[in-house]
Amino acid sequence: MEFTAKQIAGLIGGRIEGNENAAVHTFAKIEEGQEGAISFLSNPKYTHYLYETKSTIVLINDDVELEHPVSATLIRVSNAYEAVAKLLQFYESVKPKKSGIDSLAFVSPKATIGKDVYIGAFACIGDGAIIGDGTQIYPHTVIGDNVKIGQNGLFYPNVTIYQGCQLGDNVTIHSGSVIGADGFGFAPGAEGYDKIPQIGIVIIEDNVEIGANTCVDRSTMGATVVHKGVKLDNLIQVAHNCEVGENTVMSAQVGLAGSTKIGAWCMVGGQAGFSGHIKIADRTFIGAQAGVISNTKGGEQLIGTPAIDPKVFFKSSAVMKHLPEMYRELAQLKKELAELKEKLN
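Keep in mind it's a predicted model, so treat the numbers as computed, not measured.

A. Expanded view of the overall build of the protein. Of regular secondary structure, the protein possesses 4 helices and 39 strands. For the protein, whose C-alpha radius of gyration is 27 Å, the value lies well above the compact-globule estimate of 20 Å for 345 residues. Structurally, the protein occupies a C-alpha span of about 95 × 70 × 30 Å along its principal axes. Looking at the protein as a whole, 39% of its 345 residues are labelled buried. The long-range share in the protein, meaning contacts at least 24 apart out of those at least 6 apart in sequence, stands at 17%.

Below, the structure is given as structure tokens:
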């Protein structure tokens, strides 16, 4: 597919400086530009590449002032990063989609399959499953009995959706992820641990994307819920009976213990961990590797373990590196105090 600067500017509401007929067919980072590619500049640190890049078209912000001539055709927009995101979404939307059921796939005669669905080789669709229109299920993916999937879902190879789970429209799940495995529920007994049956389900609402090798466990009773617009990175664990609020995003290796409730529009850095049965209020920012052990008030920024206000954390960190010296001084003071008491006595 090839697009001209004029077509692109019309799509994103940009202003052209240069050849409106300049054509591109691919994307490239500005520092790795090539002929026929479109790049973007949003970080001022990369401005010098604007004068060197070989890309045919470059998206830049309206407020960028040129210090030297450029060879590329420029398209000015209010926010170059948002504009390129919009272009990438458009590019994906016009790519041809696979359709049809591969002869090597297994589809239960009791399943309901919508229109324009793709089911790849060795995929398995269980009894009573409902697959919405336009959904794509890649090879070796397993959709369990009585699973409900909305329209335009995208399930990459080796995804597993356990029985009874419910997924909305426009849900994307990447390879290796498991939705609806048993929650980690065991009761200690005299001779070991007795398994507590996990009879609930997982509900994933519309416009959710889940990265590779992420697990969302089914609830003991009721449902583990991932609300609309949530974006989960790779290697995340969402335990039984958790709830993730709408439009919350989590980076890789985050772990939620059972019955954790995360509010809407939260941002969670990589490797952060949450104790069970706590509530994280809306719009809370949790830094990478934070350990959250109690409820939050909302609108907070928390880092460290246990998670605290960043200002307190940085002050504590500054003091911590002096602890060995402070320990020696304290020991010396204690020694001198003991000697002084002995003399006084």
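Having seen it, we continue.
B. The arrangement of a negative patch on the surface in detail. Together, Asp 62, Asp 63, Glu 65 and Glu 67 give the surface a local cluster of negative charge. One can find Asp 63 in the loop between strand E6 (57-61) and strand E7 (73-77). Of the residues examined, Asp 63 reaches a relative accessible area of 62% and is grouped as exposed.

C. Looking closely at the packing of helix H1 (residues 5-12) against helix H2 (residues 80-94). The contact between H1 and H2 brings their axes to 10 Å, and the two run at 105°. In terms of orientation, H1 and H2 fall into the roughly perpendicular class. Listed contacts from H2 to Ile 8, Leu 11 and Ile 12 of H1 are Ala 83, Lys 86, Leu 87 and Phe 90. Split into classes, the residues belonging to the contact of H1 with H2 amount to 6 nonpolar, no polar and 1 charged.

D. Here's a closer look at the sheet that holds strand E9 (residues 106-107). Spatial ordering of the open sheet is given by E9-E12-E15-E18-E21-E26-E29-E32-E35-E38, a layout of 10 strands whose pairing is parallel. Since the sheet does not close on itself, it has two edges, and those belong to E9 and strand E38 (291-292), each with one partner. As paired elements, strand E21 (residues 178-179) and strand E26 (residues 215-216) share 2 bridges and run parallel to each other. The residue of E26 that forms the bridge with Ile 179 is Val 216.

E. Expanded view of the environment of Ile 308. Counting through the fold element by element, Ile 308 comes out in the loop between strand E39 (301-302) and helix H3 (310-320). Taking the C-alpha atoms as reference, Ile 308 lies 51 Å from Glu 2; in sequence the two are 306 residues apart. Residues within four places of Ile 308 in sequence aside, it is in contact with Gln 301, Leu 302, Ile 303 and Phe 313.

Calculation rules
Residues numbered from 1 in each chain as written. Predicted model: local features only at pLDDT ≥ 70, side-chain atom pairs only at ≥ 80, totals over all residues. Heavy atoms only, no water. Helix = DSSP H or I, 4+ residues; strand = E, 2+ residues; numbered from the N terminus. Rg over C-alpha atoms; globule rule 2.2 N^0.38 Å. Buried < 20%, exposed > 50% of the residue type's maximum accessible area, 1.4 Å probe, protein only. Contact = heavy atoms within 4.5 Å. Patch = residues over 30% accessible without salt bridge, like charges linked within 9 Å, V, L, I, M, F, W, Y side chains within 5 Å. Areas by Shrake-Rupley, 256 points an atom, 1.4 Å probe, with all protein chains shown as cover. Salt bridge = Lys/Arg side-chain N within 4 Å of Asp/Glu carboxyl O. Lys, Arg positive; Asp, Glu negative; His and termini not counted. Charge placed at Lys NZ, Arg CZ, Asp CG, Glu CD. Axes fitted to C-alpha atoms, helices over the stretch in contact; angles between N-to-C directions. Parallel < 35°, antiparallel > 145°, perpendicular 65-115°, else oblique. Nonpolar A, V, L, I, M, F, W, Y, C, P; charged D, E, K, R; others polar. Pairing = 2+ DSSP bridges.

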